[in-house]
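Residue-level listing of the chains:
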Amino acid sequence: MTLPQVFAEHLARDRLRSTHTVRAYQATAERLLAFLQAHTGGPPVLEALTAADLRAFLAMRRGADTGGGIGNASAARELSAVRAFLGFAGVAVPRLAGPRVKKGVPRPISPDEAVALADEVAEDRDEAWIGARDLAVLLLLYGAGLRIGEAVGLTGAALPLGETLVVTGKRAKTRIVPLLPQVRAAVEDYVALCPYALGREAPLFRGAKGGPLAPGLIRRAVQKARVRLGLPERTTPHALRHSFATHLLGRGADLRALQELLGHASLGSTQIYTAVDAAHLLDVYRNAHPRA
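The model shown is predicted, which means the values in this text are computed figures rather than measured ones.

A.B. asks: Looking at this model, I keep getting lost on the nonpolar core. Mind explaining?
C.D. replies: In summary, soluble globular proteins display a tendency toward joint burial of nonpolar side chains. Core analysis: the largest hydrophobic core is formed by 42 residues, its most contacted members being Leu 140, Leu 146, Leu 165, Tyr 190 and Phe 205. Of all the elements in the fold, those that place two or more residues in this core are helix H5 (111-123), helix H6 (128-144), helix H7 (148-152), strand E1 (164-168), helix H8 (181-193) and helix H9 (215-229). Broken down by element, this core gets its largest block of residues, eleven residues, from H6. When neighbours within four sequence positions are excluded, Tyr 190 is seen to be in contact with Trp 129, Ala 132, Arg 133, Ala 136, Leu 198, Leu 204, Phe 205 and Arg 206.

A.B. asks: What am I meant to see in the confidence of the model for the chain here?
C.D. replies: If pLDDT is low for a region, its predicted coordinates should not be looked at in detail. Mean pLDDT over the chain: 79, with 75% of residues reaching 70 or higher. Model confidence for the chain, summarised as mean pLDDT per element, is weakest for helix H12 (residues 267-288) at 49 and strongest for H8 at 92. With pLDDT under 50 throughout, residues 264-270 is counted as low confidence; its partners more than four residues away or in other chains account for 17 contacts.

A.B. asks: In this structure, what is going on with the pairing of E1? I would like to understand it.
C.D. replies: For a regular strand, the rule is simple: side chains alternate between the two faces of the sheet. Here E1 shows a clear split, with Leu 165 and Val 167 buried on one side and none of Thr 164, Val 166 and Thr 168 buried on the other. Taken together, the five bridges between E1 and strand E2 (residues 174-178) define a ladder with antiparallel strand orientation. The residue bridging Val 166 from the neighbouring strand is Ile 176, located in E2. Counting the residues that bridge the hairpin from E1 to E2 gives five residues, and of these Arg 171 lies at a positive phi of roughly 55°.

A.B. asks: Quick question: what am I supposed to make of the pattern of salt bridges here?
C.D. replies: Side chains that differ in sign of charge can pair as their charged atoms come close. Applying the stated criterion across every chain yields a total of ten salt bridges. As a salt-bridge pair, Asp 134 and Arg 125 come within 2.5 Å of each other at their nearest N and O atoms. A network of salt bridges, in which partner residues are shared, links Glu 9, Arg 13 and Asp 14.

A.B. asks: What is the right way to read the packing of aromatic side chains from this model?
C.D. replies: In this description, an aromatic ring pair is defined by two values, namely the gap between the centres and the angle between the planes. According to the stated counting rule, one finds seven aromatic pairs in the structure shown. Seen from their ring centres, Phe 7 and Phe 88 are 5.5 Å apart, and the 40° between their planes marks the pair as tilted. Residue Phe 7 is located in helix H1 (residues 3-13), and its partner Phe 88 is located in helix H4 (residues 72-88); the two are separated by 81 residues in the primary sequence. With relative accessibility at 1%, the residue Phe 7 sits in the buried group. Taking relative accessible area as the criterion, Phe 88 reaches 29% and is therefore assigned partly exposed. Chaining the aromatic ring pairs together yields one cluster made of Phe 7, Tyr 25, Phe 85 and Phe 88. Here the guanidinium or amino end of Arg 133 rests over the ring plane of Trp 129, the centre of that ring lying 5.9 Å away.

A.B. asks: Teacher, can you tell me more about the packing of H5 against H9 here?
C.D. replies: When two helices pack together, their arrangement is given by the angle between the helix axes and by the axis-to-axis distance. It is the contact of H5 with H9, at a shortest axis distance of 9 Å, that shows an interaxial angle of 115°. Comparing their axes, H9 and H5 come out roughly perpendicular. Relative to H9, the crossing made by H5 is right-handed. Together, Ala 116, Leu 117, Glu 120 and Val 121 of H5 and Ala 221, Val 222, Ala 225, Arg 226, Arg 228 and Leu 229 of H9 make up the contact between the two elements. Its residues assigned to classes, the contact of H5 with H9 comprises seven nonpolar, no polar and three charged.

A.B. asks: Looking at this model, I keep getting lost on the environment of Gly 131. Mind explaining?
C.D. replies: Take Gly 131: it is sitting in helix H6. The sequence separation of Gly 131 and Val 121 amounts to ten residues, and the corresponding C-alpha distance is 7.2 Å. Those residues in contact with Gly 131, other than ones at most four positions away along the chain, are Ala 122 and Arg 125.

A.B. asks: Is there a simple way to think about the packing of H5 against H6 in this case?
C.D. replies: Interhelical geometry of H5 versus H6 gives an angle of 160° and a closest axis separation of 7 Å. Judged by the angle between their axes, H5 and H6 are roughly antiparallel. The hand of the H5/H6 crossing is right-handed. Residues Pro 111, Ala 114, Ala 118, Asp 119, Val 121 and Ala 122 of H5 form the contact with H6, whose participating residues are Gly 131, Asp 134, Leu 135, Leu 138, Leu 139 and Tyr 142. A breakdown of the residues in the contact of H5 with H6 according to their chemical character gives nine nonpolar, one polar and two charged.

A.B. asks: Sorry, what's going on with unusual backbone geometry here?
C.D. replies: Leaving glycine out, the prevailing phi sign among residues is negative, and the prevailing peptide bond configuration is trans. With omega at -5°, the peptide bond leading from Leu 159 into Pro 160 counts as cis. Take Pro 160: it is sitting in the loop between H7 and E1.

A.B. asks: Even after reading the chapter, I still don't get a nonpolar patch on the surface, so can you show me in this structure?
C.D. replies: Taken together, the side chains of Met 1, Leu 3 and Val 6 define a hydrophobic patch exposed on the protein surface, amounting to about 270 Å² of accessible area. Mapped onto the secondary structure, Met 1 falls in the segment before H1. The class of Met 1 is exposed, set by a relative accessible area of 69%.

Rules used in this analysis
Residues numbered from 1 in each chain as written. Predicted model: local features only at pLDDT ≥ 70, side-chain atom pairs only at ≥ 80, totals over all residues. Heavy atoms only, no water. Core = buried A, V, L, I, M, F, W, Y, C linked by side-chain atoms within 4.5 Å. Buried < 20%, exposed > 50% of the residue type's maximum accessible area, 1.4 Å probe, protein only. Helix = DSSP H or I, 4+ residues; strand = E, 2+ residues; numbered from the N terminus. Contact = heavy atoms within 4.5 Å. pLDDT = per-residue confidence, 0-100. Pairing = 2+ DSSP bridges. Salt bridge = Lys/Arg side-chain N within 4 Å of Asp/Glu carboxyl O. Phe/Tyr/Trp six-rings, centres within 6.5 Å; stacked < 30°, edge-to-face > 60°. Lys NZ or Arg CZ within 6 Å of the ring centre and 35° of its normal. Axes fitted to C-alpha atoms, helices over the stretch in contact; angles between N-to-C directions. Parallel < 35°, antiparallel > 145°, perpendicular 65-115°, else oblique. Left-handed = near helix turned anticlockwise from the far one by under 90°. Nonpolar A, V, L, I, M, F, W, Y, C, P; charged D, E, K, R; others polar. Patch = residues over 30% accessible without salt bridge, like charges linked within 9 Å, V, L, I, M, F, W, Y side chains within 5 Å. Areas by Shrake-Rupley, 256 points an atom, 1.4 Å probe, with all protein chains shown as cover.

This is the structure:
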């Protein structure tokens with residue numbers, strides 16, 4: 001087993017990182033070793049890595065000579081993965097400032113747009129149970145603030161539904177979220193129509209052939225519905241979660257309570273929604289105020 005593979009196994013088993021993160025970090029480790037071999041003309045020696053080597057690696061990834069490659073945000077993530085890999089290998093990480101990344105503000109969509117989007121996705125399905133499934137998933141995102149991976153990761157153990165739902169989020173951290181009556185009804189409608197047995201250990205949301213529902217299927221359905229409704233490109237499944245947070249904050253929700261509902265590890269991750277709400281109010285002001 002190669003060192004990047006051992007690193008990936010460590011991330012998955014000991015750090016409880018997501019499959020996506022594990023795959024991305026392993027790919028970075030493999031790229032770094034391949035670069036060092038080409039850069040030095042011999043077997044890569046991590047202990048000899050210098051800040052100049054890291055700068056050259058990032059320049060290669062950013063395509064400095066060709067004008068292509070990854071941008072600042074991706075370069076920052078790449079450097080973070082390199083640092084994690086070197087730390088795992090027991091190698092001192094050379095001092096190197098990462099690229100400056102302007103933190104983006106997620107933009108919400110309105111409640112009417114969120115409901116219209118969910119309805120449009122459901123109505124576009126040929127089979128009633130699949131339409132009910134998609135509606136239930138999207139309402140869990142908008143009405144309960146779940147991530148798409150958390151929604152499709154639910155099992156039959158969630159049934160029968162009550163007033164709250166236990167959700168397993170990033171790093172296997174669990175949280176309890178309240179279920180609005182409309183959200184609970186949508187999930188129950190899907191359960192009543194689903195042609196497959198929903199055992200406690202089995203996936204709650206199923207694909208057309210009975211396997212686990214793939215998040216990409218929901219993303220593609222949302223993209224098609226967005227185009228039909230004329231909604232902006234920012235309208236994605238994750239935008240529904242952003243909208244959930246923004247609308248709660250706009251109605252006076254406490255940041256700490258919102259942090260718990262969203263499953264954020266730190267309050268800093270939640271505080272971005274104060275900027276979201278300010279941006280949303282500014283949009284309303286510009287569109288509605290006669291002197292804006």
